[in-house]
Amino acid sequence: FATHTRAGTPAAERLLDSRPARTFLVAHSRVFVRSKRSTTGDAIGAIKQGTEISGCTEGRWLHLTRESAQAVNAMPKNKSDTRYVDAWVLMDGSHIGIASDLLVPEELAPPELRERAQQEEEARQKRREEVAKKSEKKVMRKGKDAAKEVKEPDSEDE
């Protein structure tokens, strides 16, 4: 896979699609989403502890699925219609001096981390519902404004 550095190439897509996506929980207080599989890659987002993300493992890195990148607002500039995008999260930071795991497989996560993940998901759901309500109110307001603009015909015009 090292020869295919960009998601979206046919060879990279075939390889990634052949591997199952795994789900992880962020165990560290915060991890960065990078534009490439390197700590020198641009930080295109950050993920808080307890957040659930999915992707394909590549060495010490997790190659995020499109859905995970969108869920954490870390879509890279080269958006494509592929399953994976150029969004990477370091899973093991031992080589850069971080003693603990940054991500843990969902099935191995300790109960307190699972609880935090549940709280994070509930908070995200609440925010989505609030945004949907605001959008609905805005649409209703526009509909009322449009109805006010419709004038009744003048009796002289009839």
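Nothing here was measured: the structure is a model prediction, and the numbers come from that model. (Residues numbered from 1 in each chain as written. Predicted model: local features only at pLDDT ≥ 70, side-chain atom pairs only at ≥ 80, totals over all residues. Heavy atoms only, no water.)

A. Region of interest: the overall build of the protein chain. A count of helical and extended segments in the protein chain gives 3 helices and 7 strands. The helix and strand sequence of the protein chain, counted from the amino end, reads α-β-β-β-β-β-α-β-β-α. Per-residue burial for the protein chain yields a buried fraction of 33% across its 158 residues. Taking all contacts inside the protein chain whose residues are at least 6 apart in sequence as the whole, residues at least 24 apart take part in 61%. Split by element, the accessible area of the protein chain, about 10500 Å² in all, is 49% carbon and sulfur. (Helix = DSSP H or I, 4+ residues; strand = E, 2+ residues; numbered from the N terminus. Buried < 20%, exposed > 50% of the residue type's maximum accessible area, 1.4 Å probe, protein only. Contact = heavy atoms within 4.5 Å. Areas by Shrake-Rupley, 256 points an atom, 1.4 Å probe, with all protein chains shown as cover.)

B. Summary view of a positive patch on the surface. Taken together, the side chains of Lys 133, Lys 134, Lys 137, Lys 138, Arg 141 and Lys 142 present a region of like positive charge at the surface. Following the sequence through the fold, Lys 142 ends up in helix α3 (residues 111–149). (Patch = residues over 30% accessible without salt bridge, like charges linked within 9 Å, V, L, I, M, F, W, Y side chains within 5 Å. Salt bridge = Lys/Arg side-chain N within 4 Å of Asp/Glu carboxyl O. Lys, Arg positive; Asp, Glu negative; His and termini not counted. Charge placed at Lys NZ, Arg CZ, Asp CG, Glu CD.)

C. Looking closely at the pattern of salt bridges. Tallied over the full model, the rule gives 5 salt bridges. In this structure, Glu 107 engages Arg 22 in a salt bridge whose closest nitrogen and oxygen atoms are separated by 3.0 Å. Here the residue Glu 107 occupies a position in the loop between β7 (103–105) and α3, and Arg 22 occupies one in strand β1 (residues 22–26), the gap between them amounting to 85 residues. The exposure class of Arg 22 is partly exposed, given its relative accessible area of 35%. Lys 48 serves as the salt-bridge partner of Glu 120, at 3.7 Å between the closest nitrogen and oxygen. Taken together, the residues Glu 120 in helix α3 and Lys 48 in strand β3 (residues 43–48) connect sequence positions 72 residues apart. Judged by its relative accessible area of 12%, Glu 120 falls in the buried class. One salt-bridge network, in which partners are shared between bridges, spans Glu 121, Arg 124 and Arg 128.

D. View of the side chain of Arg 34. Of note, Arg 34 is situated in strand β2 (residues 30–34). Although Arg 34 lies buried, it forms no salt bridge, and the closest oppositely charged side chain, Asp 42, sits 6.9 Å away as judged by the N-O distance. Apart from residues no more than four positions distant in its own chain, Arg 34 is found in contact with Thr 39, Gly 41, Asp 42, Ala 43, Ile 44, Trp 61, Asp 86, Ala 87 and Trp 88.

E. Structural detail: the pairing of strand β5 (residues 61–65). Burial of β5 is extensive: 5 of the 5 residues sit out of reach of the surface. Hairpin connection, strand β4 (residues 52–58) to β5: the antiparallel pair is bridged by 2 residues, and Gly 59 has positive phi, about 65 degrees. (Pairing = 2+ DSSP bridges.)

F. Here's a closer look at the environment of Ala 43. With respect to the element layout, Ala 43 can be found in strand β3. Under the relative-accessibility criterion, Ala 43 is labelled partly exposed at 46%. Spatially, the C-alpha atom of Ala 43 lies 9.7 Å from that of Val 31, the residues being 12 residues apart in sequence. Look past the residues within four positions of Ala 43 in its chain and what remains in contact with it is Phe 32, Val 33 and Arg 34.

G. Seen up close, the environment of Asn 73. Here Asn 73 shows up in the loop between α2 (66–71) and β6 (84–90). Between the alpha carbons of Asn 73 and Val 33 there is a distance of 9.8 Å; along the sequence they are 40 residues apart.

H. Quick look at the nonpolar core. Judged by nonpolar contacts, the single largest core of 20 residues is most densely connected at Val 33, Ile 47, Ile 53, Leu 62, Leu 64, Val 89 and Leu 103. Elements represented by at least two residues in this core include exactly β1, β2, β5 and β6. Top element by residues in this core is β6. It accounts for 5 residues. By size, the runner-up hydrophobic cluster in this structure holds 5 residues, among which are Val 104, Ala 109, Leu 113 and Ala 117. (Core = buried A, V, L, I, M, F, W, Y, C linked by side-chain atoms within 4.5 Å.)

These values are about where atoms sit, not about what they do.
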